[in-house]
Each structure stands twice: as structure tokens, then as C-alpha cells.
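Observations on the model geometry
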Amino acid sequence: MIEQICGRYVTVEIAGRQQRIYFEEAGQGRPVLCLHTAGSDTRQWRHILNDAEITATNRVIAFDMPWHGKSLPPEGFQTEEYLLSTEVYMETVLAVARALDLDQPVLAGVSMGGRIALQLAVHHPDAFSGFLAIEASDFQPAWYDIDWFHRPDAHGGEMGAALVSTNISPHAPLAERWNTLWMFQQSGPGVFRGDLSFYTQDDSLVGQLHRIDTAKTPVHFIVGAYDFTCTPEDAKRTADQIDGATLSIMEEVGHFPMSEHPDGFRPFFVDGLARMPQPQAQIAG
């Protein structure tokens, strides 16, 4: 069977440097730009990209952040430490959206992707038609030492997968649990640590979320009941700071919903898309 997913590369400028970005897409219609979690890549979105009902009316696009998956690090990376920042992350998402000529896409981000979706909702709302903040909160301090994911005496990929395994629902199919863990086992040296630096130590959204105008760009939260990195309570605390934001809780899902339990995630994703503006509604407005 040949899948409908098409993979290509686009070169964009980020922080003054050329970056070759790998992206996959499927479908037609309203653009939906999807962001993977820390330490992983676009393969997490393969089930949504292969969903013929979703892609019948949505152009679903997912891309590998620089240093992740098939997107190489920038030239000269061997002499630097990878630490993702809020500004570079926002610039990356905006650069990819512009390069692909996406007209106010829906932004769907998970985990660190959900965090940056909220940052973009605060700082660049006009670039998007709405936001699906999945496993997302205003700030999450680390309950673990991120340096364990980049040490000479430990395999970073296996350490990352061990952490991830605690955040996958027991209801997740065994095959998808291990597919999800394999993606983290393949993460480049120091990449998961650099992402977690952003997620646990970079700019907090505390005190900023009231600036989001959901009348113009709706925000819908989706969170798994088995997520203890971003618990339902964390997501609700965050959603309560945004007037008009909505929240759905997935009872049988953990922190990596589109990858670990695609069947459990699908109805919530479809519902989230239904809450976002349709292109014709934007034109009429």
C-alpha cells in the first residue's frame, strides 16, 4: 500500500541562518500546521496525515524542527550547544508557514508544540486562524534533571524513551507505544535535553494569556487524563486564564496522543478542528 503522505524539503532563514526543513503533507482545503513534541519528529502525526476523512477537507502539514528527524542541524552545529528558545521556536513556525504560503492555518501543537502555540496566540495571533493547544500549559517546571538526557555515561535516546514511557496511557496499543518510544530512541545527541530546556526553563506564559482574543483566534485545549507532565489540572489552570478558551479531556490517553493512541485521539482532534474557523467564515467575516 502506498500512503497518501507526501514528503518534501523547504529552506528557510531562521535567526540569520539557512535551515533545510523536512515536511510532510496530505489533503486539501483548510491548512492545518502540526507540531511534534520535544525530542521527536513528524512521524508522530502519521495517523492523522493518513486519515482520508480528515484530509478530504484539510491540508494537513507537519514538519521536523531543525535538529529533529530529517531536518539537519544548521551548518557549524558541531561547535555549539542546542538549546531551543521561545523566540527561535516562534520564528521557525512562522518561517515555515510563510515559505509554504499558508494563509492563516490552524496551528495544532503537542507538548512543547502546544506551549509555542500559546506563545504564538499571544504574540502573533494574526498569522493563524485558531489554535489547538494539545497537552499544553502556561509553564511546567522540571520534576527531573534534564542533563540525564545528554551524558557520556548514558544513552540519551534510551533515557528519553524511559521518561516518555511513564507518560503513555496504559490503554495505548502496544505496537503504538513502542513506535512512539522508538522515535525518542532515535533522537539526536542532546536534542531532547535542548527541547526540555525550552519547555521547563524558558519564557513562562504566566500573566500573559489574558492578551489572547479568542473572538478572533479561538483556542481549544486537548489533554490526556494519563498525562502527568501536563495534567488535566495544568491544562485547566491555563485555559481558565484565557477568556473564551475551551477544554476537552481524553480519558484513555497520555502525553503523546496522536502517536501513542491514534484511535483515542482522533475524535478529539476532529472535534477541535470543528471548533476552528472555516476559510469561508473568515472571508465572510
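The structure this text deals with has already been given above.
Note that the structure is a prediction, hence the values are computed from the model and not measured.

Side note on the nonpolar core
Counting 60 residues, the largest nonpolar core has Phe63, Tyr89, Val93, Leu107, Leu118, Val219 and Phe221 as the members making the most contacts within it. Other than its neighbours up to four places away in sequence, Leu107 contacts Leu33, Leu35, Val93, Ala117, Leu120, Phe128, Gly130, Phe131 and Leu132. Residues Ile48, Leu49, Ile134 and Met250 belong to the second largest nonpolar core, which totals 22 residues.

A short note on the packing of helix H5 (residues 156–165) against helix H6 (residues 174–185)
Put simply, H5 and H6 touch, their axes get as near as 7 Å, and they point 145 degrees apart. Remark: the crossing between H5 and H6 carries right-handed chirality. In this structure, H5 uses Gly157, Glu158, Ala161, Val164 and Ser165 to contact H6, whose residues at the interface are Arg177, Thr180, Leu181, Phe184 and Gln185. Here the contact of H5 with H6 is composed, by residue class, of four nonpolar, four polar and two charged.

A few points about the side chain of Ser197
Tracing the backbone shows Ser197 in helix H7 (residues 191–201). Its relative accessible area of 10% is what places Ser197 among the buried residues. If we skip the residues at most four places from it in the chain, Ser197 touches Leu83, Ile146 and Asp202.

Some points on the sheet that holds strand S8 (residues 246–250)
Judged by pairing direction, the sheet is mixed, and its eight strands sit side by side in the order S1-S2-S4-S3-S5-S6-S7-S8 without closing on themselves. This sheet does not close on itself; its edge strands, each paired only once, are strand S1 (6–14) and S8. Looking at each pair of strands side by side, their axes are set apart by 25 degrees on average, direction ignored. Two elements, strand S5 (residues 106–110) and strand S6 (residues 130–134), share five bridges in a ladder whose sense is parallel. Paired with Ala108 across the bridge in S6 is Leu132. Against the sheet, helix H3 (residues 86–99) touches S1, strand S2 (17–26), strand S3 (30–35), strand S4 (58–63) and S5, its axis set at about 125 degrees to S1. Together, S3, S4, S5, S6, strand S7 (219–224) and S8 form the strand contacts of helix H10 (residues 262–274), whose direction differs from that of S8 by roughly 170 degrees.

Details of the pattern of salt bridges
When charged atoms on two side chains of opposite charge get close, those side chains can pair. Under the counting rule described, the total for this entry stands at 14 salt bridges. Notably, a salt bridge pairs Arg266 with Glu53, separated by 3.2 Å at the nearest N-O pair. Taken as a pair, Arg266 in helix H10 and Glu53 in helix H2 (residues 52–55) lie far apart in primary sequence, 213 residues in all. For Arg266, a relative accessible area of 25% translates into the label partly exposed.

The rules behind each value
Residues numbered from 1 in each chain as written. Predicted model: local features only at pLDDT ≥ 70, side-chain atom pairs only at ≥ 80, totals over all residues. Heavy atoms only, no water. Core = buried A, V, L, I, M, F, W, Y, C linked by side-chain atoms within 4.5 Å. Buried < 20%, exposed > 50% of the residue type's maximum accessible area, 1.4 Å probe, protein only. Contact = heavy atoms within 4.5 Å. Axes fitted to C-alpha atoms, helices over the stretch in contact; angles between N-to-C directions. Helix = DSSP H or I, 4+ residues; strand = E, 2+ residues; numbered from the N terminus. Left-handed = near helix turned anticlockwise from the far one by under 90°. Nonpolar A, V, L, I, M, F, W, Y, C, P; charged D, E, K, R; others polar. Pairing = 2+ DSSP bridges. Salt bridge = Lys/Arg side-chain N within 4 Å of Asp/Glu carboxyl O.

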